[in-house]
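# Analysis of the macromolecular model
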Amino acid sequence: MNESNETFFAAVGDVHGQHHEMVRLLSEWEARTSNSIQFVLQVGDFEPHRNEEDLETMAAPAKYRQLGDFPAFYSGEVLFPWPVYFIGGNHEPYGFLDTIPKGGPVLENCFYLGRAGVATLYGLKVTGMSGIYSPAKFESPRPRISDLKKRSNKDYTYFNQEDVERTLDFGRPDILLVHDWPARIIPYEDRGQFEQQRRSPNYTSVGNEYARVLMDLLSPRLMLCGHMHKKYRNRVTTKSGAAVDVCCLANVERGEDSVAFFRIADDGTIEEVIE
Ligand SMILES: [Zn+2]
């Protein structure tokens, strides 16, 4: 048994509707280590579709358009065993999530952080920004949900300048959640891991500049990201000299690479638990 006062939390990569598998992976860790998770942070592509109508508003090719496990949770048949806090990725029912752009509970033990939002959990300030980057959409306001039928679902999947500014306005977080990775976090020595990687031709093109801007200006202690469906860790020193632990998570389908566990020590330090 864990007899100290340490607090543990988990981070989870893209779920893509496999909520049962997410719960299984986290429960298995609790059983194996006898530690208790207090909360879960999820980095987008959570896919909380309540019904077919929500699913219609997700941007994705037809073969990926599936309701997934969320309805079992939404109906109350199953409950998330821990409070789960998620941001939006690029495959989400934004017709649903944009009804609560500032975030809020979507059901018991399940909270959307909003297009940009903040939560205080066990003394830690956790900030999240939803969506991915598109140079063409960055400066425009997001379409309204009343225009859903007239617009492509993709138009709702991007963050814009306003979201970045709001995220900066929240000030320095302990933990920052974004969907896609910050640019330039991969050193030359690690380039071999990024050959033939999905969504990027090589290691220098991974990530986006605005996630990097958030990292550089906010200097979170820990930054969590998904999107690439790849596990990666690095400690990045920003221009201001701050060290940021970047934790990139694979998708839930890949099993243990999709989850990470952290300990909050009595002095407030956050440290990944490596078994
Ligand atoms: Zn994904």
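Residues numbered from 1 in each chain as written. Predicted model: local features only at pLDDT ≥ 70, side-chain atom pairs only at ≥ 80, totals over all residues. Heavy atoms only, no water.

Asp14 (OD), His16 (NE2), Asp45 (OD) and His229 (NE2) make up the full set of protein donors to the zinc ion, lying at 2.0 to 2.5 Å. Seen from the zinc ion, its four donor atoms lie at angles of 89 to 178°, and the figure they make is irregular. Mapped onto the sequence, the residues coordinating the zinc ion show the spacing D-x1-H-x28-D-x183-H. In this pair, aspartate 45 is assigned in the loop between β2 (37-42) and α2 (52-55) and histidine 229 in the loop between β9 (222-225) and β10 (232-237), connecting sequence segments 184 residues apart. (Donors = N, O, S within 2.8 Å, 3.2 Å for Na, K, Ca; no water. Tetrahedral: all angles 85-135°; square planar, octahedral: opposite > 155°, others 65-115°. Helix = DSSP H or I, 4+ residues; strand = E, 2+ residues; numbered from the N terminus.)

The subject of this paragraph is the sheet that holds strand β12 (residues 259-264). Whenever strands of a sheet pair, they do so through backbone hydrogen bonds, lying parallel or antiparallel. Pairing is mixed across the open sheet formed by seven strands, whose spatial order is β4-β5-β3-β2-β1-β12-β13. Taken across any chain shown, the strands that pair with only one partner, and hence form the sheet edges, are β4 (104-107) and β13 (270-272). Each neighbouring strand pair of the sheet contributes to a mean axis angle of 30°, computed without reference to strand direction. Looking at chain direction, β2 and strand β3 (residues 84-86) are connected through three bridges and run parallel. Looking at β3, one finds that valine 40 is bridged to valine 84. (Pairing = 2+ DSSP bridges. Axes fitted to C-alpha atoms, helices over the stretch in contact; angles between N-to-C directions.)

Once that is clear, we can look at the pairing of β4. In this structure, β4 lies alongside strand β5 (residues 110-112), joined through three bridges in antiparallel fashion. Residue pairing for β5: leucine 107 is matched across the bridge by cysteine 110.

A word on the layout of surface pockets. Here the largest pocket defines a volume of roughly 410 Å³. Lining the largest pocket are 19 residues; nearest its centre among them are His16, Glu47, Tyr64, His229 and Glu253. Residue composition of the lining of the largest pocket, by class: five nonpolar, eight polar and six charged. (1 Å grid on protein atoms, 1.4 Å probe; cavity = no way out; pocket = protein on both sides within 12 Å on 5 of 7 lines; lining within 4 Å. Points joined across faces, edges and corners; volume = space filled by probe spheres on them. Nonpolar A, V, L, I, M, F, W, Y, C, P; charged D, E, K, R; others polar.)

Pairing is mixed across the open sheet formed by six strands, whose spatial order is β6-β7-β8-β9-β11-β10. Pairing within the sheet leaves two strands with one partner each, and these edge strands are β6 (116-121) and β10. Strand-to-strand twist in this sheet, taken as the mean axis angle between neighbours without regard to direction, amounts to 20°. Of the pairings in the sheet, the one linking β6 to strand β7 (residues 124-129) comprises six bridges and is antiparallel in character. Residue pairing across strands places valine 118 opposite threonine 127, the latter belonging to β7. Relative to β7, helix α5 (residues 161-169) is tilted by about 175°, and along the sheet it contacts β6, β7 and β8 (175-177). (Contact = heavy atoms within 4.5 Å.)

The tally for this structure, following the rule as stated, stands at 21 aromatic pairs. With centroids separated by 6.2 Å and ring planes inclined at 70°, the aromatic side chains of phenylalanine 46 and phenylalanine 70 adopt a geometry described as edge-to-face. Linking phenylalanine 46 in the loop between β2 and α2 with phenylalanine 70 in helix α3 (residues 70-74), this pair joins segments that are 24 residues apart in sequence. You can call phenylalanine 46 buried: its relative accessible area is 0%. Here the aromatic rings of tyrosine 133 and tyrosine 210 are separated by 5.3 Å at their centres, their planes lie at 45°, and the arrangement is tilted. Taken together, the residues span a long stretch of sequence, with tyrosine 133 in the loop between β7 and α5 and tyrosine 210 in helix α6 (residues 209-218) at a distance of 77 residues. Since its relative accessible area comes to 28%, tyrosine 133 is described here as partly exposed. Of the residues examined, tyrosine 210 reaches a relative accessible area of 24% and is grouped as partly exposed. An aromatic cluster of three or more residues is present, and its members are Phe46, Phe70, Phe73, Tyr74, Phe80, Phe86 and Tyr112. For arginine 50, the ring lying beneath its charged end belongs to phenylalanine 96, and the centroid distance is 3.6 Å. Between arginine 115 and the ring centre of tyrosine 94, over which it is positioned, the NZ or CZ distance is 4.0 Å. (Phe/Tyr/Trp six-rings, centres within 6.5 Å; stacked < 30°, edge-to-face > 60°. Buried < 20%, exposed > 50% of the residue type's maximum accessible area, 1.4 Å probe, protein only. Lys NZ or Arg CZ within 6 Å of the ring centre and 35° of its normal.)

This part is about the side chain of threonine 7. Relative to the assigned elements, threonine 7 resides in strand β1 (residues 7-12). In this structure threonine 7 touches Gln38, Tyr122, Phe262, Arg263 and Ile264, once residues within four positions along its chain are discounted.

Inspection of the secondary structure puts alanine 243 in strand β11 (residues 243-248). The class for alanine 243 is partly exposed, based on a relative accessible area of 43%. Residues contacting alanine 243, with those up to four places away along its chain left out, are Pro220, Arg221, Arg235 and Val236.

All right, on to helix α1 (residues 19-33) then. An ideal rise of 1.5 Å per residue puts 21 Å on 15 residues; α1 measures up with 21 Å between its terminal C-alpha atoms. The complete set of buried residues in α1 reads His19, Met22, Val23, Leu25, Leu26, Trp29, Glu30 and Thr33. The buried residues of α1 occupy one face: seen down the axis, they fall within an arc of 160°. Elements in contact with the buried residues of α1: β1, β2, α3, β3 and β12. Just downstream of α1, serine 34 is the residue with a positive phi angle, here 60°. (Expected span 1.5 Å × (residues − 1). Arc of directions from axis to C-beta.)

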